[in-house]
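# Examining the three-dimensional arrangement
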Amino acid sequence: MRRKIVAGNWKMNKTLAEGMELISEIAASPASSEVLKIIACPFIHIPGAVQELKALHGFAIAAQNCSEHASGAYTGEISAAMIASTGATHVIIGHSERRQYFNETAAVLTQKVNHALANNLVPIFCIGENQEERNSNQHLEVVKKQLKETLYHLAPADFSRLIIAYEPIWAIGTGLTATSHQAQGMHNFIRSEINKKYGKEISENTSVLYGGSCNAENAKELFSCMDVDGGLVGGASLKATDFINIINSFTVSPTE
Ligand code: PGA
């Protein structure tokens, strides 16, 4: 059975005090215990968030990035080992903003995935096409290439630890959401590609999240798609009530 997951990607938002307040609000709100709730906050919030949420069931803390290097003279960088040492358990890798603004190539992302896995962090690996690629009907090929270039060197046991996030670039922060038809079509394609490479069991057990203007209004419909196992949520994760409403959009009853 695949895990239902909602991950909040705060991006570069919230001072330390603001972030800790948001964590406290999330912790105090009743959210479905059947959903794994991941908070991908800025590095500075991670130790506090781990502390605040560790006693609560079904929460995990993620970093939004890690270095492609293990350690050493890389001023300003944070390694996978450093992230793991805080108690964080997940890390977003390959977000389109990192690919675009920080020139992260498939080769760099491969290093990041390897370091994350070597340090027992679960990579939340992001893939997705831009508007032009969607318009010219290349979206399936683009996503297939992103999977293949960065992940297909992994042994099945390592691949099975990953979470995949499909984030069409044209939907990120734009208010344009993929329709449930588009999301289901792509998620089904991703699962079938994983099946081809790693077999049925791994493909059926890999959680594939949707990201791109996911909010409390559209989450229910998106999450009802057979191959959509939850969401990677940016803007709407910055308010506790919106984030909790998205978590509770699965057709399961909130119990804690
Ligand atoms: P958004 O961002 O929900 O603000 O569109 C999603 C993401 O980039 O992970």
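Anyway, here's the lowdown on the structure attached to this text. These numbers were taken from a predicted model, which means no experiment stands behind them. (Residues numbered from 1 in each chain as written. Predicted model: local features only at pLDDT ≥ 70, side-chain atom pairs only at ≥ 80, totals over all residues. Heavy atoms only, no water.)

## Side note on the environment of Ile 26
The residue Ile 26 is located in helix H1 (residues 16-28) in this model. Overall, Ile 26 belongs to the buried group, its relative accessible area being 0%. Sequence separation between Ile 26 and Lys 239 is 213 residues; the distance between their C-alpha atoms is 8.7 Å. Setting aside anything within four residues of it in sequence, one finds Ile 26 in contact with Ile 39, Phe 59, Ala 240, Phe 243 and Ile 244. (Helix = DSSP H or I, 4+ residues; strand = E, 2+ residues; numbered from the N terminus. Buried < 20%, exposed > 50% of the residue type's maximum accessible area, 1.4 Å probe, protein only. Contact = heavy atoms within 4.5 Å.)

## Regarding the packing of aromatic side chains
Overall, the coordinates contain 4 aromatic pairs when judged by the stated rule. With a centroid separation of 4.3 Å and an interplanar angle of 20 degrees, the aromatic rings of Phe 159 and Tyr 198 are classed as stacked. Pair noted here: Phe 159 is in helix H8 (residues 156-159) and Tyr 198 is in helix H9 (residues 180-198), with a separation of 39 residues, a long-range link. Of the two residues, Phe 159 and Tyr 198, neither departs from the other in class, the shared state being buried. Joined through ring pairs, the aromatic side chains of Tyr 152, Phe 159 and Tyr 198 make up one cluster. Positioned over the ring face of Phe 102 is Arg 98, at 4.0 Å from the centre of the ring. Between Lys 197 and the ring centre of Tyr 198, over which it is positioned, the NZ or CZ distance is 5.7 Å. (Phe/Tyr/Trp six-rings, centres within 6.5 Å; stacked < 30°, edge-to-face > 60°. Lys NZ or Arg CZ within 6 Å of the ring centre and 35° of its normal.)

## Some points on the packing of H1 against helix H12 (residues 240-247)
In contact at an axis separation of 9 Å, H1 and H12 are set at 40 degrees when each is read in the N-to-C sense. Judged by the angle between their axes, H1 and H12 are oblique. Two packed elements cross with a definite hand, and for H1 against H12 that hand is right-handed. Taken together, the residues of H12 that come into contact with H1 (itself represented by Leu 22, Glu 25 and Ile 26) are Ala 240, Phe 243 and Ile 244. Per-class residue counts for the contact of H1 with H12 are 5 nonpolar, no polar and 1 charged. (Axes fitted to C-alpha atoms, helices over the stretch in contact; angles between N-to-C directions. Parallel < 35°, antiparallel > 145°, perpendicular 65-115°, else oblique. Left-handed = near helix turned anticlockwise from the far one by under 90°. Nonpolar A, V, L, I, M, F, W, Y, C, P; charged D, E, K, R; others polar.)

## So, the layout of surface pockets
Estimates place the volume of the largest pocket at around 440 Å³. In this structure, the largest pocket is lined by 15 residues; those nearest its centre are Lys 11, Met 12, Gln 64, Arg 98 and Phe 102. A total of 3 residues in the lining of the largest pocket trace back to one element, the largest contributor, which is helix H4 (residues 96-101). A volume near 280 Å³ is recorded for the second largest pocket. (1 Å grid on protein atoms, 1.4 Å probe; cavity = no way out; pocket = protein on both sides within 12 Å on 5 of 7 lines; lining within 4 Å. Points joined across faces, edges and corners; volume = space filled by probe spheres on them.)

## Digging into the sheet that holds strand S8 (residues 230-233)
Taken together, the 8 strands give a closed barrel; going around it, the order is S1-S2-S3-S4-S5-S6-S7-S8, and neighbouring strands pair in parallel fashion. Within this sheet the neighbouring strands show an average axis-to-axis angle of 25 degrees, counted without direction. Relative to strand S5 (residues 122-127), strand S4 (residues 90-93) runs parallel, the two sharing 4 bridges. Across the sheet, the residue bridging to Ile 92 is Ile 124, located in S5. (Pairing = 2+ DSSP bridges.)

## What to know about the pattern of salt bridges
For the structure on display, the rule yields 12 salt bridges. For the salt bridge of Arg 2 with Asp 227, the shortest nitrogen-to-oxygen distance reads 4.0 Å. On the criterion of sequence distance, the pair formed by Arg 2 in the segment before strand S1 (4-9) and Asp 227 in the loop between helix H11 (219-223) and S8 is long-range, its members being 225 residues apart. Take Arg 2 and Asp 227: they sit in the same class, and that class is buried. The salt bridge involving Lys 11 is made with Glu 97; its shortest N-O contact spans 2.8 Å. Of this pair, Lys 11 sits in the loop between S1 and H1 while Glu 97 sits in helix H4, and the two are 86 residues apart along the sequence. The exposure class of Lys 11 is partly exposed, given its relative accessible area of 22%. Bridged by salt links that share partners, the residues Arg 2, Arg 191, Glu 204, Asp 227 and Asp 229 form one connected network. (Salt bridge = Lys/Arg side-chain N within 4 Å of Asp/Glu carboxyl O.)

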